Amino acid sequence: MCRNIRPLNNFEPPATSNEVHDAALQYVRKIAGTTKPSKANEAAFERAVHDIAHATEHLLESLVTTGTPKNREEEAAKARARSAARFASA
């Protein structure tokens, strides 16, 4: 899975449309193998991003969880700590 795609479920406040779009864009970039499509493929690329974002929003609306919602700042701090430990100089 692409490292740039972050979990979007069970956050308070819920994921925004921009976050869903960004995740869909990263997914399509990974699958297509390119960050910027050619002019010939641009329409298909954008359509795929739109379709995946739309499906993702429906998925997030349908998911049910019993866990308490996660805090974005706390999750970001955990990610920074993992990154610092991973890339720390020996």
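Everything below is about the structure shown above.
Residues numbered from 1 in each chain as written. Predicted model: local features only at pLDDT ≥ 70, side-chain atom pairs only at ≥ 80, totals over all residues. Heavy atoms only, no water.

(A) Structural context of the overall build of the protein chain. Summing up its helical and strand segments, the protein chain has 3 helices and 0 strands in all. Ordered by position in the sequence, the α and β elements of the protein chain form the string α-α-α. Taken over C-alpha atoms, the radius of gyration comes to 16 Å for the protein chain, far larger than the 12 Å a tight globule of 90 residues would show. Counting only residues that meet the buried cut, the protein chain has 17% of its 90 residues in that class. Just so you have it, the protein chain exposes about 7000 Å², and 55% of that area is on carbon and sulfur atoms. Of note, the protein chain has its 13 positive side-chain charges centred 10 Å away from the centre of its 11 negative side-chain charges. (Helix = DSSP H or I, 4+ residues; strand = E, 2+ residues; numbered from the N terminus. Rg over C-alpha atoms; globule rule 2.2 N^0.38 Å. Buried < 20%, exposed > 50% of the residue type's maximum accessible area, 1.4 Å probe, protein only. Areas by Shrake-Rupley, 256 points an atom, 1.4 Å probe, with all protein chains shown as cover. Lys, Arg positive; Asp, Glu negative; His and termini not counted. Charge placed at Lys NZ, Arg CZ, Asp CG, Glu CD.)

(B) Region of the structure containing the side chain of Asn 10. Among the secondary structure elements, Asn 10 is positioned in the segment before α1 (17-32). Looking at Asn 10, its side chain comes within polar contact range of the main-chain oxygen of Thr 68, at 3.2 Å. In contact with Asn 10, other than residues within four places in its own chain, are Thr 65, Gly 67, Thr 68, Pro 69 and Lys 70. (Polar contact = N/O pair within 3.5 Å; in protein donor to acceptor, adjacent residues only side chain to side chain. Contact = heavy atoms within 4.5 Å.)

(C) Examining unusual backbone geometry more closely. Of note, the bond from Glu 12 into Pro 13 is cis; its omega dihedral lies within 30 degrees of zero at 0°. Here Pro 13 is to be found in the segment before α1. One non-glycine residue, Asn 10, lies in the positive phi region at around 65°.

(D) Molecular detail of α1. In this model, α1 (16 residues) spans 22 Å end to end at C-alpha, consistent with the 22 Å of a helix rising 1.5 Å per residue. The complete set of buried residues in α1 reads Val 20, Ala 23, Ala 24, Leu 25, Gln 26 and Val 28. On the buried face of α1, the contacting elements are α2 (42-62). A positive backbone phi angle near 75° is found at Gly 33, which sits one or two residues after α1. (Expected span 1.5 Å × (residues − 1).)

(E) Here's a closer look at α2. Between its first and last C-alpha, α2 extends 30 Å over 21 residues, near the 30 Å set by a 1.5 Å rise per residue. All of the buried residues in α2 are Phe 45, Val 49 and Ala 53. Along α2, the residues classed as buried sweep out an arc of 70° about the axis, all on the same side. Facing away from the buried side of α2 by over 90 degrees, the exposed positions are Ala 43, Arg 47, His 50, Glu 61 and Ser 62. On the buried face of α2, the contacting elements are α1. (Arc of directions from axis to C-beta.)

(F) Representation of the pattern of salt bridges in the model. Counting across every chain of the model gives 3 salt bridges. Lys 39 is the partner of Glu 42 in a salt bridge, and the nearest nitrogen-oxygen pair spans 3.8 Å. For Glu 75, the salt bridge goes to Lys 78, with nearest N and O atoms at 3.3 Å. Here Glu 75 and its partner Lys 78 are both found in helix α3 (residues 72-86), 3 residues apart, which amounts to about one turn of the helix. (Salt bridge = Lys/Arg side-chain N within 4 Å of Asp/Glu carboxyl O.)

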